[in-house]
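# Observations on the three-dimensional arrangement
Chain residues, written in single-letter form:
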Amino acid sequence: MIRIERAMVEHADEAYAIVREYYDAVDVVVRDNSEEFAEQYFGPGSGIWLAREDKTMLGCIALRPLPQMEQSGEVKRLYVKPQGRGRGIADGLLEALEEYAAEFGYRRLYLDTKDDLLPAIRFYEQHGYERCERYNQNPQATIFMAKDLPESELQRDLH
């Protein structure tokens, strides 16, 4: 059975290990070191979700705030190992991230990708992300996407 859980800071090394695998798999040039990674993904409005089957790590996805954009976050590092693909893991990871983001109060999520990652582009489009203007200075990114989030039950209750 596959479990998807938001990593706690004590799992930062394990989370960073799969992110390093992602860096290599998609040839990421600008990489966070382990300290930068821990600072960016283990604070308020951020997180990294890990997919496991028993003790085997199969995938990850990360979220960080976009302070320059009101009530917005950035989706980063979606990766599923080859042996886990085709099993709905990416769907589960994105769903867990979006649920947290909506509960945290984000109204919009952004992401960037590159035009040679066609399966990733299709995946995001199937999940409601649409192309938008460039919002960051990532030198490798060629495609920018965004999605409005529905208001969470907690936010509705506050109104």
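Residues numbered from 1 in each chain as written. Predicted model: local features only at pLDDT ≥ 70, side-chain atom pairs only at ≥ 80, totals over all residues. Heavy atoms only, no water.

## Considerations on the overall build of the protein chain
- The helix and strand inventory of the protein chain stands at five helices and seven strands.
- Ordered by position in the sequence, the α and β elements of the protein chain form the string β-α-α-β-β-β-α-β-α-β-β-α.
- Over its C-alpha trace the protein chain gives a radius of gyration of 15 Å, about what one expects of a compact globule, namely 15 Å for 159 residues.
- Principal axes of the C-alpha set define a box for the protein chain whose edges measure 45 × 35 × 30 Å.
- Buried residues in the protein chain amount to 47% of all 159 residues. (Helix = DSSP H or I, 4+ residues; strand = E, 2+ residues; numbered from the N terminus. Rg over C-alpha atoms; globule rule 2.2 N^0.38 Å. Buried < 20%, exposed > 50% of the residue type's maximum accessible area, 1.4 Å probe, protein only.)

## Notes on the side chain of Ser-72
- One can find Ser-72 in strand S4 (residues 72–80).
- The contacts of Ser-72, once residues within four sequence positions are left out, are Pro-65, Leu-66, Tyr-106, Arg-108 and Tyr-110. (Contact = heavy atoms within 4.5 Å.)

## Focus: the layout of surface pockets
- What the largest pocket holds in volume is close to 930 Å³.
- Together, 37 residues line the largest pocket, and Tyr-22, Val-26, Leu-78, Leu-117 and Ala-120 are the ones closest to its centre.
- Those elements that place two or more of their residues in the lining of the largest pocket are S4, helix H3 (89–104), strand S5 (108–113) and helix H4 (118–126).
- Here the lining of the largest pocket takes seven residues from S4, the largest share from any one element.
- Taken together, the residues of the lining of the largest pocket break down into 18 nonpolar, eight polar and 11 charged. (1 Å grid on protein atoms, 1.4 Å probe; cavity = no way out; pocket = protein on both sides within 12 Å on 5 of 7 lines; lining within 4 Å. Points joined across faces, edges and corners; volume = space filled by probe spheres on them. Nonpolar A, V, L, I, M, F, W, Y, C, P; charged D, E, K, R; others polar.)

## Section: the environment of Val-28
- Mapped onto the fold, Val-28 is located in the loop between helix H1 (12–25) and helix H2 (34–41).
- Measuring from C-alpha to C-alpha, the distance between Val-28 and Ala-146 comes to 21 Å, with 118 residues separating the pair along the chain.

## Digging into H4
- Considered for burial, the residues of H4 that qualify are Ile-121, Phe-123 and Tyr-124. Down the axis, H4 shows its buried residues gathered within 160° of arc, on one side only. Of the exposed residues in H4, those oriented more than 90 degrees away from the buried face are Pro-119 and Gln-126.
- Positive phi shows up at Gly-128, right after H4, with a value of about 90°. (Arc of directions from axis to C-beta.)

## Remarks on the sheet that holds strand S1 (residues 2–6)
- With mixed pairing, seven strands are arranged side by side in an open sheet as S1-S2-S3-S4-S5-S7-S6. What marks the edges here is a single partner per strand, and that holds for S1 and strand S6 (130–131).
- Across five bridges, the pairing between S1 and strand S2 (residues 47–53) is antiparallel. Counted as the bridge partner of Arg-3 is Arg-52 from S2. (Pairing = 2+ DSSP bridges.)

## Points about the packing of aromatic side chains
- For the structure shown, the criterion picks out 12 aromatic pairs.
- Here Phe-37 and Phe-42 contribute two aromatic rings whose centre-to-centre distance is 6.0 Å and whose plane-to-plane angle is 75°, an arrangement assigned as edge-to-face. Assigned by exposure class, Phe-37 and Phe-42 land together as buried.
- Both rings, one in Tyr-135 and one in Phe-144, keep their centres 5.6 Å apart while their planes meet at 85°; by these two values the pair is edge-to-face.
- Assessed through its relative accessible area of 10%, Tyr-135 is described here as buried.
- By relative accessible area, Phe-144 is classed as buried at 6%. (Phe/Tyr/Trp six-rings, centres within 6.5 Å; stacked < 30°, edge-to-face > 60°.)

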